[in-house]
Amino acid sequence: MTQPSSNNHQTPIPCRVVVLISGSGSNLQTLIDGQQQGMLPISIEGVISNKLDVYGLQRAEQAHIPSQVVNHRDYDDRESFDAALANTINQYQPDLVVLAGFMRILTGDFVRQYQGRMLNIHPSLLPKYQGLHTHQRAIDAGDTQHGVTVHFVTEELDGGPNVIQAVVPIISNDTADSLATRVQTQEHIIYPMAVKWFAAQRLQLKDHHVIFDDEPLPTHGHQIHNN
Ligand code: GRF
């Protein structure tokens with residue numbers, strides 16, 4: 001994401017980002033804030049929701065970011081929805097596609113198009129608790145710690161490979177809601193970090209391994225521990 005300038009110096013240009021949402025868009029907001037405050041070298045070119053009337057669309061509008069709805073209910077099957085979604089994404093010519101609470105399972109064909117340039121955030125310490133209801137499942141299992149993971153998207157649902165995890169302790173009397181609140185605070189820290197690394201070209205996916213500053217990361221990715 002650099003282009004030559006007339007005096008032969010490389011002028012950084014911001015990483016073009018499209019954000020996919022299905023809901024409140026609090027993670028989207030952290031990226032908008034990071035861009036606006038000059039903390040993230042990104043340009044959010046578009047926001048796409050698969051649901052009408054979600055709050056994340058208002059956040060995009062308030063930030064003057066173009067948004068579109070590609071409603072999965074308008075399509076007969078996953079393949080046709082994913083084709084329409086890809087069409088919409090590609091209009092923005094993104095360097096990076098960010099799934100931020102996007103609650104649709106994506107087909108292999110779709111995922112392969114964006115291999116190495118699509119990130120997701122999942123509220124568990126992957127590979128534990130892929131899928132839904134992660135907070136309750138961690139509590140029910142008697143786990144002492146839980147957390148959230150940012151990972152590259154591959155064909156395996158919530159499969160990693162991991163870029164960064166934040167570890168959050170489970171405390172006595174935690175409910176799924178109380179735990180989710182503490183986990184989400186961490187989401188808002190680690191997702192901008194991962195996006196910043198990608199935008200600064202410090203992060204790559206190679207043969208199912210995450211390479212950070214030219215070195216492979218451990219399987220769990222970077223880890224942040226909270227007490
Ligand atoms: C987050 O908790 C994320 O981990 C999960 O969906 C939620 C999205 O929240 N995948 P928001 O729409 O970003 O507020």
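Everything that follows concerns the structure shown earlier in this document.
None of these values were measured; they are calculated from a predicted model.

Novice: Help me out: how do you make sense of the packing of helix 1 (residues 26-36) against helix 6 (residues 176-199) in this one?
Specialist: Any two packed helices are characterised by the angle at which their axes cross and by the distance between the axes. Between helix 1 and helix 6, whose axes approach to 9 Å, the crossing angle comes to 45°. Regarding the angle of helix 1 to helix 6, the classification is oblique. The interaxial crossing formed by helix 1 with helix 6 has right-handed handedness. In this structure, helix 1 uses Ser-26, Asn-27, Thr-30 and Leu-31 to contact helix 6, whose residues at the interface are Gln-184, Glu-187, His-188, Tyr-191, Pro-192 and Val-195. Partitioned by chemical class, the residues of the contact of helix 1 with helix 6 number four nonpolar, five polar and one charged.

Novice: Just to check I follow, could you spell out the pairing of strand 6 (residues 96-99) for this structure?
Specialist: In the case of a regular strand, side chains alternate between the two sheet surfaces. Judged by which residues are buried, strand 6 turns out to be covered on both faces: Leu-96 and Val-98 on one side and Val-97 and Leu-99 on the other are all buried. Both strand 3 (residues 15-21) and strand 6 contribute to a ladder of four bridges, which runs parallel. Bridging across to strand 6, Val-17 finds its partner in Leu-96. Two elements, strand 6 and strand 7 (residues 118-122), share three bridges in a ladder whose sense is parallel. Bridging from a neighbouring strand, Val-97 pairs with Met-118 of strand 7. Taking the sense of rotation as the criterion, the β-α-β connection linking strand 6, helix 4 (residues 108-113) and strand 7 turns out right-handed.

Novice: Just checking my understanding: could you explain the packing of aromatic side chains for this structure?
Specialist: The geometry of an aromatic ring pair is captured by the separation of the ring centres together with the interplanar angle, meaning the angle of the planes. Summed over the entire model, instances satisfying the criterion amount to three aromatic pairs. Seen from their ring centres, Trp-197 and Phe-212 are 4.9 Å apart, and the 70° between their planes marks the pair as edge-to-face. Taken together, the positions of Trp-197 in helix 6 and Phe-212 in strand 11 (residues 209-212) put the pair 15 residues apart, joining distant regions of the chain. In this pair, the class of Trp-197 matches that of Phe-212, namely buried.

Novice: Sorry, what's going on with helix 6 here?
Specialist: Because each turn of an α-helix spans 3.6 residues, side chains separated by three or four positions in sequence point in the same direction. Under the 1.5 Å per step criterion, the end-to-end length of helix 6 is 33 Å for 24 residues, consistent within 8% with the ideal 34 Å. Of the residues making up helix 6, those classed as buried are Leu-179, Val-183, Gln-186, Glu-187, Ile-190, Tyr-191, Pro-192, Ala-194, Val-195, Trp-197, Phe-198 and Ala-199.

Novice: Quick question: what am I supposed to make of helix 1 here?
Specialist: Of all the 11 residues making up helix 1, eight are buried; the element is thus mostly covered by neighbouring parts of the structure. Those residues of helix 1 not exposed but buried are Ser-26, Asn-27, Leu-28, Gln-29, Thr-30, Leu-31, Ile-32 and Gly-34. Its buried side turned inward, helix 1 meets strand 3, strand 4 (42-49), helix 2 (55-62), strand 6, strand 7 and helix 6. Directly beyond the C-terminal end of helix 1, a positive phi value near 75° is found at Gly-38.

Novice: Looking at this model, I keep getting lost on the site of the ligand. Mind explaining?
Specialist: What surrounds the ligand is the set Ser-24, Gly-25, Ser-26, Asn-27, Gly-101, Ile-121, Pro-123, Gln-184 and Glu-187. Within the contact set of the ligand, an oxygen atom lies 2.9 Å away from a side-chain nitrogen or oxygen of Glu-187. A total of 370 Å² of accessible area belongs to the ligand in isolation, and the protein chains cover 82% of it. Broken down by secondary-structure element, the contributors of at least two residues to the shell around the ligand are helix 1 and helix 6. Grouping the constituent residues of the shell around the ligand by class yields two nonpolar, six polar and one charged.

About the thresholds
- Residues numbered from 1 in each chain as written.
- Predicted model: local features only at pLDDT ≥ 70, side-chain atom pairs only at ≥ 80, totals over all residues.
- Heavy atoms only, no water.
- Axes fitted to C-alpha atoms, helices over the stretch in contact; angles between N-to-C directions.
- Helix = DSSP H or I, 4+ residues; strand = E, 2+ residues; numbered from the N terminus.
- Parallel < 35°, antiparallel > 145°, perpendicular 65-115°, else oblique.
- Left-handed = near helix turned anticlockwise from the far one by under 90°.
- Contact = heavy atoms within 4.5 Å.
- Nonpolar A, V, L, I, M, F, W, Y, C, P; charged D, E, K, R; others polar.
- Buried < 20%, exposed > 50% of the residue type's maximum accessible area, 1.4 Å probe, protein only.
- Pairing = 2+ DSSP bridges.
- Right-handed = clockwise from strand over helix to strand, strands pointing away.
- Phe/Tyr/Trp six-rings, centres within 6.5 Å; stacked < 30°, edge-to-face > 60°.
- Expected span 1.5 Å × (residues − 1).
- Near = heavy atom within 4 Å.
- Polar contact = N/O pair within 3.5 Å; in protein donor to acceptor, adjacent residues only side chain to side chain.
- Areas by Shrake-Rupley, 256 points an atom, 1.4 Å probe, with all protein chains shown as cover.

In short, geometric facts, not functional conclusions.
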